[in-house]
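For reference, the chains in residue letters:
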Amino acid sequence: MIDTKRKIIQKFNKELGSSLKGLEKIYEFHQDLNAQKNEIEKSLSMASSEAPSKVKVVIESVEKITTEFQQLEIASTEFRNDIQKAMYENDKSLDMQKIINTISQLDKSLAYLSFVKYVENISDKVQLSLANGDDESTISLYTNLTDISCQLQQSACYHLVNYVRETLHFWHNLIKDKLSKEYNDILKTLKWPFCGSNSNSLITTMPETLTKFKILTEYLLHLQLPEESVKPMVTSVLLTDFSPVSLPISLMVRPLRQRFIYHFTGTKLTNRQDKPEWFFTQILTWIKDHIQWVQKNVQPVANSIGFNHVDMKVEFMQALVQLAVEKLHSELAIVQYDDALFAHLVDEALGFERELRETLFYPSTQPATVFVLTQAHVFVKWINMEKKYATEKMDAILSSSTAWEKLSNSDTDDMKVTECADAFLTLLTTISDRYKHLPQPGHRLQFLELQLELIDDWRIRLLQLLHETNEDPLTSLMPCILNSLHYVATVLEEWGVTVHFLQLYFFKKQFEAVESATFEGSDITESIGEVEGSVFDEAVALLRRLEKELINEISDAVALDVKARSRPYRTDKWFAMQSAKEVVSLSVTPSGYSMFQELATQLNQLYNTLALPLFNQAWKNLALQFDQFLLEEVVLVNHFNTGGAEQLEYDIFRNLFPLFGLYISNPESYFPLIKEACVLLNILLGSAMLLLEALDNNDETTAKEILADIGVLKMSPELALKVLGTRTNIAYM
């Protein structure tokens, strides 16, 4: 009521204000209030003839809400009753679940105990079979036990798994001891291994003995422990790369291992550090003597029981290779301080590896002796020794008294192969053969870098030899050195596209891309593009550059010698010679005898001393120089009457071209300038006058077309005018 009163007072104050004059509005305010009152009464009237009033709508809405509320109250009561009932039933289910869980636990315990009892029963049967000597039943029961152990590998019952595993190992050891003894006895009956006095026993094997051997082999294969429980015992980190071999192979190798240890350990005379080839050869001999027999008699047994995935021949080889690896590892520790012994041991180890891989086809996935050689400290020593001995070998090759003699090999006669080039390539080939079986690309790339370094060193040594000689190029070592450079560069280009060196080039580019990306902090994929070229590109480019320089030097020397004898020919009286009509027959100009004779001699000497591809480059250089020389020093500095022009043409076409024609076909195509000069000097006077006028009065393009019509294609119009001006029957300035 107080709030209502306050609101009324505020309403009056608002309408009438604080001025007394505002009281006049009270009548208007009274009328407004009456109007509002009437309006409200009218809206509340239930007897109104208009549409249902707002009050009626509100009442109906309230009644509807009341009805819904009552329905919800009833549903809530029913739901509460259902919950109470469910909770009561759930309490009974929980009690039942506890009982079920207890029963389940008891069932599992019973199954656990039954499983243990089952394993114990198998153990009892195995014991009985062993006591009765029934190997077949023993192996059958052991196989069942093995299957159980494999099935339990993922089980959470740790103690049960361990119990079965221990049981399996227990019987495995007992059965293995028994069968191993029987197997060793049967191997002795077979006179295995086939060495020494037993080497002829392959022919005398009894069928029943071989049958028993195969049966025992089958039993031993079944006796293998599951892979999950095999923990190979190794005496060195290196031997971790060797996977365990099957039990029959292990027993077959045992007598060979004993012989190996007897002969190649301790103070035996056969255990010599300077003769590592003895134990390597022994291993290879044993493999060759026994491998076919193993393939024929052991592999079929393995295949018959589902062991097709096991290659018995490879396992036998692997077990013997392991002996060589162990021996090599122990020997390296002793001889690493003696360069000669170390180098010899490495040589024999690599030869052993090569024989295994290439002759006996020992798989590349299986480890062998190079795994020992690629240990970090051994590998560093190895590659340093390679460099040392390769350098010494190269010194011996270059200092040999027959280093520059040509090999008498008809297949490469055109290449004029020297002993030096052949020996150097043999050195590089030997290095390639030594490292090509290395499994790691990084190791092979280090040897490749050594080869590239040797090639560059060889090139520098040849340069030093060239600088030490002051003789005439053709009579010095230059042609032999040039032939050697060319042959080595050619062979390196051929090597560069072989699979071996293409792989190395790919690896090299990958390593360079990784280093670049790491240094720049960029994505590796952005640094690796298309791989083109070869590992020898840079080395060959340097050899070819030196080759080109020497070719030019020899060509220039020959040209200089010939030009030195050309003075009488150049200064002859070309303007006063008899024409062909005035002599019986033309012959070589007497003043040119010496020059042409020298040219013939030098060409023949080039042909006999240079490789054919180099000779082809040399005579082309000479042809280019003489073409220019004869034009500039003979034609353009002299004047020619008709007889002189005919004589020059005769000398060129009947003497110069035939000299080169001994070695090439169509020699005139390599002397375009002097050939076209002869054409211009010997065309008829009338034609020459017309040509002179045409060249004077036409542009260069037209002039070239006119010259082309008479067979002058290489000479410019300006030069043609100069040649025409040397004719005494044409006054041209």
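Predicted model only: the values in this text are computed from it and were never measured.

What counts, and where the lines are drawn
Residues numbered from 1 in each chain as written. Predicted model: local features only at pLDDT ≥ 70, side-chain atom pairs only at ≥ 80, totals over all residues. Heavy atoms only, no water. Helix = DSSP H or I, 4+ residues; strand = E, 2+ residues; numbered from the N terminus. Contact = heavy atoms within 4.5 Å. Areas by Shrake-Rupley, 256 points an atom, 1.4 Å probe, with all protein chains shown as cover. Salt bridge = Lys/Arg side-chain N within 4 Å of Asp/Glu carboxyl O. Buried < 20%, exposed > 50% of the residue type's maximum accessible area, 1.4 Å probe, protein only. Patch = residues over 30% accessible without salt bridge, like charges linked within 9 Å, V, L, I, M, F, W, Y side chains within 5 Å. Expected span 1.5 Å × (residues − 1). Phe/Tyr/Trp six-rings, centres within 6.5 Å; stacked < 30°, edge-to-face > 60°. Lys NZ or Arg CZ within 6 Å of the ring centre and 35° of its normal. Axes fitted to C-alpha atoms, helices over the stretch in contact; angles between N-to-C directions. Parallel < 35°, antiparallel > 145°, perpendicular 65-115°, else oblique. Nonpolar A, V, L, I, M, F, W, Y, C, P; charged D, E, K, R; others polar. 1 Å grid on protein atoms, 1.4 Å probe; cavity = no way out; pocket = protein on both sides within 12 Å on 5 of 7 lines; lining within 4 Å. Points joined across faces, edges and corners; volume = space filled by probe spheres on them. pLDDT = per-residue confidence, 0-100. Polar contact = N/O pair within 3.5 Å; in protein donor to acceptor, adjacent residues only side chain to side chain.

1. Details of the overall build of the chain
At step 1: When helices and strands are tallied, the chain shows 27 helices and zero strands.
At step 2: Counted over contacts in the chain with a minimum sequence separation of 6, partners at least 24 positions apart contribute 75%.
At step 3: Of the accessible surface of the chain, which amounts to about 41,900 Å², a share of 54% is contributed by carbon and sulfur atoms.

2. Some points on unusual backbone geometry
At step 1: The step from Trp192 to Pro193 runs through a cis peptide bond, and the omega angle for that step is -5 degrees.
At step 2: For Pro193, the position within the fold is in the loop between helix 5 (158–189) and helix 6 (207–222).
At step 3: For Asn666, which is not glycine, the phi torsion reads 55 degrees and is therefore positive.

3. A look at the pattern of salt bridges
At step 1: A full pass over the atoms with the stated rule returns 25 salt bridges.
At step 2: Here Lys178 ties to Asp135 by a salt bridge, and the two come within 2.7 Å at their closest N and O atoms. A residue pair is termed long-range when its members are at least 10 positions apart, and Lys178 in helix 5 and Asp135 in helix 4 (residues 135–151) qualify at 43 residues.
At step 3: Judged by its relative accessible area of 14%, Asp135 is buried.
At step 4: Among the ionic pairs, Glu453 bridges to Lys387, the shortest N-O distance being 2.8 Å. Of this pair, Glu453 sits in helix 15 (residues 441–468) while Lys387 sits in helix 13 (residues 376–399), placing them 66 residues apart in sequence.

4. Thoughts on a nonpolar patch on the surface
At step 1: On the surface, a cluster of nonpolar side chains totalling about 370 Å² of accessible area is made up of Met96, Ile99, Ile100 and Ile103.
At step 2: Note on placement: Met96 falls in helix 3 (residues 54–132).
At step 3: Using a relative accessible area of 48% as the deciding quantity, one classes Met96 as partly exposed.

5. Thoughts on helix 6
At step 1: A rise of 1.5 Å per residue sets the reference length of helix 6, with its 16 residues, at 22 Å; its end C-alpha atoms lie 23 Å apart and thus fit the reference within 8%.
At step 2: The set of residues buried in helix 6 consists of Thr209, Leu210, Phe213, Leu216, Thr217, Tyr219, Leu220 and Leu221.
At step 3: Summarising the contacts, the buried residues of helix 6 are in contact with helix 4, helix 5, helix 7 (247–264), helix 8 (276–297), helix 9 (299–304) and helix 10 (312–335).

6. Section: the packing of aromatic side chains
At step 1: Under the criterion given, the structure shown has 33 aromatic pairs.
At step 2: Connected via pairs of aromatic rings, a cluster forms that spans Tyr183, Trp192, Phe194, Phe213, Trp293 and Phe316.
At step 3: The ring of Tyr607 carries Lys416 above its face, with NZ or CZ at 5.9 Å from the centroid.

7. Section: the packing of helix 14 (residues 419–435) against helix 15
Working note: a packed helix pair is described by the angle between its axes plus the distance between those axes.
At step 1: With their axes 10 Å apart at the nearest point, helix 14 and helix 15 run at an angle of 170 degrees to one another. Overall, the two elements helix 14 and helix 15 adopt an arrangement that is roughly antiparallel. On helix 15, the residues touching Cys420, Phe424, Leu428, Ile431, Ser432 and Tyr435 of helix 14 are Arg444, Phe447, Leu448, Gln451, Leu454, Ile455 and Trp458.
At step 2: Of the residues in the contact of helix 14 with helix 15, the class split is 10 nonpolar, two polar and one charged.

8. Observations regarding the environment of Leu462
At step 1: Inspection of the secondary structure puts Leu462 in helix 15.
At step 2: Sequence separation between Leu462 and Ile481 is 19 residues, and the spatial gap between their C-alpha atoms is 6.9 Å.
At step 3: Once residues within four sequence positions are removed from consideration, Leu462 is found in contact with Leu398, Trp404, Ile481 and Leu485.

9. Quick word on empty space enclosed by the protein
Gaps left between atoms show up when a probe the size of a water molecule is rolled over them.
At step 1: Applying the stated rule across the entire model yields one cavity of 30 Å³ or more.
At step 2: Along its surface, the largest cavity is lined by Phe264, Thr270, Asn271, Arg272, Lys275, Pro276, Trp278, Phe279, Lys327 and Glu331.
At step 3: Secondary-structure elements contributing two or more residues to the lining of the largest cavity are helix 8 and helix 10.
At step 4: Element by element, the count of residues in the lining of the largest cavity is highest for helix 8, at three residues.
At step 5: Residue composition of the lining of the largest cavity, grouped by class: four nonpolar, two polar and four charged.

10. Some points on the confidence of the model for the chain
At step 1: Per-residue pLDDT for the chain averages 85, and the proportion of residues at 70 or more is 89%.
At step 2: Per-residue pLDDT stays below 50 along residues 228–235; that stretch engages in eight contacts with residues further than four places along the chain or on separate chains.

11. Overview of the side chain of Gln375
At step 1: Relative to the helices and strands, Gln375 is located in the loop between helix 12 (370–373) and helix 13.
At step 2: A polar side-chain atom of Gln375 sits 3.0 Å from the main-chain carbonyl oxygen of Val372.

12. Concerning the side chain of Thr490
At step 1: Its place among the elements puts Thr490 in helix 16 (residues 478–496).
At step 2: Residue class for Thr490 comes out buried when judged on its relative accessible area of 18%.
At step 3: The contacts of Thr490, once residues within four sequence positions are left out, are Met415 and Arg544.

13. Structural notes on helix 10
At step 1: The terminal C-alpha atoms of helix 10, which comprises 24 residues, lie 35 Å apart, in line with the 34 Å expected from a rise of 1.5 Å per residue.
At step 2: For helix 10, a buried count of 18 out of 24 residues is recorded, marking the element as mostly surrounded by other parts of the structure.
At step 3: The opening residue of helix 10 is Asp311, an N-cap whose side-chain oxygen sits 3.1 Å from the backbone nitrogen of Lys313.

14. A word on the environment of Tyr650
At step 1: Tracing the backbone through its elements, the reader meets Tyr650 in helix 23 (residues 642–661).
At step 2: Residues Tyr650 and Leu586, 64 residues apart in the sequence, show an inter-C-alpha distance of 7.4 Å.
At step 3: Discounting residues that sit within four places of it in the chain, Tyr650 has contacts with Leu586, Ser587, Val588 and Asn655.
At step 4: In this structure the side chain of Tyr650 is engaged in a polar contact, spanning 3.2 Å, whose partner is the backbone oxygen of Leu586.

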